[in-house]
Amino acid sequence: MLENGKKRIEVGDGAAIPTKKDMGLFTAWRIAFFGAIALLGWLVYYIPDPYLTILKFVPDGIVVTFKVTVGAILLALVIGLIAGLGRVAHNPIINGIASLYVEVIRGIPLLVQIFYIYYALGRIVKVPDMLSAIIAMAICYGAYMGEVFRAGIQSIPKGQMEAALTLGMSRGQAMYHVIVPQAFKVVLPPVGNEFIALLKDSSLVSILAVADLLRRGREFASESFTYFETYTVIALIYLIITLFFSKLIGIMEERINAGR
Amino acid sequence: MKKLLRLLLPVLTLSLCLAATALAAPRTLTVATDATWPPMEMVDANKNIVGYDIDFLKAAAKEAGFNVVFKNTAWDGIFAGLDSGQYDAVISSVTITPERQKKYDFSLPYIDAGQILVVPKTDKAAKLADMKGKKVGAQIGTTGAFEVKKVAGLELKTYDEIGLAFEDMAAGRIQGVVCDEPTAIIYALQKKEYKEKFKIAGKAFTKEAYGICVKKGNKDVVALLNKGITAVKAKKIDQQLKKKWLK
């Protein structure tokens, strides 16, 4: 104890880093999330024209943004897992293909990829617009996810694999039963990060005439000339959705870490 | 005091010089255009902005004695840029509509046009109402898009550039495109990738006049533009330009 009655912070007390619970009601997340909802509500209530009109115009855009994001994330997780496993594989051909995919896709801007898959490949195979938007997003984010998964798998100590092999498991079994479940915990925060990034980048598909949230907003603004008001509403809606998802990922992380 | 004067004197003389040159030199107008709308405004192989609108405004500027600098701007938001003062005027096949007149000032109309429907050759539709249940594309924020929206039962898809809409129709994702007649002619009858595939359905179904758009209350720019437009029309320069660009 110090003279003024305060406890000296000792190493190992864990008090030097404030935990989320210390901040009580006023976490950054709460301030941002409820602040954004309150601001939107206030605007719509007190200045209904044009804010209310905009809010009535965009809901189908929110649904499309949702569909594209969720569809792309599910597909990207599958592609990413395959690419990640391919990157740690000992087979040179599988490893080579996975590495080539990651290096090539990571090196091309997402907007270019979206244009390419939609317009260039659209001449050869006729894919509906929403599906091709989802595929373009998934292929791009699959590469990033692949790297996240590779890092997760490589973070598991070698001994785990050796132990599993000693127990008589095959390499595949060891991956499935021992390595991947452990890696899952490690990769959850960066995957959540990719998820939020993908949600925001889904606004890029508005270039494909997919009527997502941003395009609905642009349609409204270009017709009514209310640029400031429209983009304020659009920004707030994107913020609310991303914060909602970041909370969801936070809850998942807590659940998984509770077992530790 | 002397020190202050010595400090201020160069600044004063400089600003006076600038003011004098500004008075003497002809006024330069920065004009925005979305150069993705052939043959009215487009970018040629040498990266120059060319087209009917461009030639017309250049001729008008010569007649009224001002300079023009063109700025290639995306159509979506072209009016927002005018609001925030990034340029003095917009010449980009802008139809004079009552809604736009409420927010902006327009010059005298300089050419007439109309909206027209382009469909694949296999399609039997002759007007927009025949397209019920189908997807029709148009450029975002254009009168073409507004016209499609007015017709019940068809799905409007809006594109950033009109060329992308035609590309999407070539890929079979939409069944019609609505745009200005001169532009439709280029994409349906002259572009070699599309000549075999598309046709113009029926006749133009709107009567529209293009004007040069300026910020509300910018009277001196409107006066300058009108002087040029009147002179160009009086000298029949616009007829020559029509022969050059619109066949």
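Summarised in this report is the structure supplied together with it.

**Remarks on the sheet that holds strand β11 (residues 155-159) of chain B**
All names here are of chain B.
Step number 1: The strand order across the open sheet formed by five strands is β11-β10-β12-β9-β13, and the pairing between neighbours is mixed. Taken across any chain shown, the strands that pair with only one partner, and hence form the sheet edges, are β11 and β13 (198-201). Within the sheet, the average angular offset between the axes of one strand and its neighbour, ignoring direction, is 30°.
Step number 2: Here strand β9 (residues 115-120) runs beside β13; their pairing, made up of four bridges, is antiparallel. Bridging from a neighbouring strand, leucine 117 pairs with alanine 201 of β13.
Step number 3: Of the strands in this sheet, β9, β10 (135-139), β11 and β12 (176-180) touch helix α5 (residues 143-150), which is tilted by about 150° from β10.

**Looking at the pairing of β11(B)**
Residue and element names in this part refer to chain B.
Step number 1: Alignment of β10 against β11, held across five bridges, turns out to be parallel. Note that in β11 the partner of glutamine 139 across the bridge is tyrosine 159.
Step number 2: Read as a crossover between parallel neighbours, the route from β10 over α5 to β11 is right-handed.

**Some thoughts on the sheet that holds strand β7 (residues 104-106) of chain B**
Residue and element names in this part refer to chain B.
Step number 1: If you walk across this open sheet you meet the five strands as β5-β1-β6-β15-β7, and the pairing is mixed. Of all strands in the sheet, those with a lone pairing partner are β5 (67-72) and β7, marking the two edges.
Step number 2: Strand contacts of helix α2 (residues 52-64): β1 (28-33) and β5, with the helix running at about 155° to β5, the strand carrying the most contacts.

**Some remarks on the environment of B:Asp83**
Step number 1: Mapped onto the elements, B:Asp83 comes out in helix α3 (residues 78-83).
Step number 2: The spacing of B:Asp83 and B:Lys215 is 132 residues in sequence and 6.4 Å in space, taken between C-alpha atoms.
Step number 3: If we ignore the near neighbours within four places in the chain, the residues touching B:Asp83 are A:Tyr227, B:Tyr104 and B:Lys215.

**Digging into the pairing of β9(B)**
Residues in a regular strand project their side chains so that they alternate between the two faces of the sheet.
Residue and element names in this part refer to chain B.
Step number 1: Most of β9 sits out of view: six of its six residues are buried.
Step number 2: As paired elements, β9 and β12 share four bridges and run antiparallel to each other. Within β12, the position partnered with glutamine 115 by the bridge is aspartate 180.

**Notes on the nonpolar core**
Step number 1: Judged by nonpolar contacts, the single largest core of 104 residues is most densely connected at A:Met137, B:Tyr110, B:Phe166 and B:Leu225.
Step number 2: Here this core gets eleven residues from one element, more than from any other, and that element is helix α6 (residues 129-154) of chain A.

**Let's talk about helix α4 (residues 92-106) of chain A**
Residues and elements named next belong to chain A.
Step number 1: A rise of 1.5 Å per residue sets the reference length of α4, with its 15 residues, at 21 Å; its end C-alpha atoms lie 21 Å apart and thus fit the reference within 8%.
Step number 2: Every buried residue of α4 is listed here: Ala98, Ser99, Val102 and Ile105. Angular distribution of buried residues about the axis of α4 spans 150°; they occupy a single face of the element. Across α4 from its buried face, at more than 90 degrees, point the exposed residues Pro92, Ile93, Ile97 and Leu100.

**Comments concerning the interface of chain A and chain B**
Step number 1: Contacts between the two partners involve 22 residues from chain A and, on the opposite side, 24 residues from chain B.
Step number 2: Across the interface of chain A and chain B, roughly 2100 Å² is buried in total on both sides, 49% from carbon and sulfur atoms.
Step number 3: A:Arg218 is the salt-bridge partner of B:Asp76, the closest N and O atoms lying 2.4 Å from each other.
Step number 4: Viewed at the interface, chain B and chain A are joined by eleven residue pairs in polar contact (both at pLDDT 80 or more).
Step number 5: Listing elements by their share of the side of chain A that touches chain B, those giving two or more residues are α5 (110-120), α9 (213-224) and α10 (227-258) of chain A.
Step number 6: For the side of chain A that touches chain B, the class distribution of residues is twelve nonpolar, three polar and seven charged.

**Quick notes on α5(B)**
Step number 1: Where burial is concerned, most of α5(B) is hidden: six out of the eight residues are buried.
Step number 2: Of the positions making up α5(B), those classed as buried are B:Thr143, B:Gly144, B:Ala145, B:Phe146, B:Glu147 and B:Val148.

**Some words on the packing of aromatic side chains**
Step number 1: Taken as a whole, this structure holds 24 aromatic pairs over all chains when the rule is applied.
Step number 2: Here the aromatic rings of B:Trp75 and B:Phe79 are separated by 5.5 Å at their centres, their planes lie at 75°, and the arrangement is edge-to-face. The same class applies to B:Trp75 and to B:Phe79, which are both buried.
Step number 3: Both rings, one in B:Tyr187 and one in B:Tyr194, keep their centres 6.2 Å apart while their planes meet at 40°; by these two values the pair is tilted.
Step number 4: You can call B:Tyr187 buried: its relative accessible area is 7%.
Step number 5: The structure contains a cluster of three or more aromatic residues connected by ring pairs, namely A:Phe66, A:Phe195, A:Phe244 and A:Phe245.
Step number 6: Seen from the ring of A:Trp29, A:Lys247 lies directly overhead, with NZ or CZ sitting 4.8 Å from the centre.
Step number 7: The ring of A:Tyr118 has B:Arg173 sitting right over it, with the charged end atom 3.7 Å from the ring centre.

Cut-offs used in this document
Residues numbered from 1 in each chain as written. Chains lettered and ligands numbered in written order. Predicted model: local features only at pLDDT ≥ 70, side-chain atom pairs only at ≥ 80, totals over all residues. Heavy atoms only, no water. Pairing = 2+ DSSP bridges. Helix = DSSP H or I, 4+ residues; strand = E, 2+ residues; numbered from the N terminus. Axes fitted to C-alpha atoms, helices over the stretch in contact; angles between N-to-C directions. Contact = heavy atoms within 4.5 Å. Right-handed = clockwise from strand over helix to strand, strands pointing away. Buried < 20%, exposed > 50% of the residue type's maximum accessible area, 1.4 Å probe, protein only. Core = buried A, V, L, I, M, F, W, Y, C linked by side-chain atoms within 4.5 Å. Expected span 1.5 Å × (residues − 1). Arc of directions from axis to C-beta. Buried area = accessible area lost by both parts, 1.4 Å probe. Salt bridge = Lys/Arg side-chain N within 4 Å of Asp/Glu carboxyl O. Polar contact = N/O pair within 3.5 Å; in protein donor to acceptor, adjacent residues only side chain to side chain. Nonpolar A, V, L, I, M, F, W, Y, C, P; charged D, E, K, R; others polar. Phe/Tyr/Trp six-rings, centres within 6.5 Å; stacked < 30°, edge-to-face > 60°. Lys NZ or Arg CZ within 6 Å of the ring centre and 35° of its normal.

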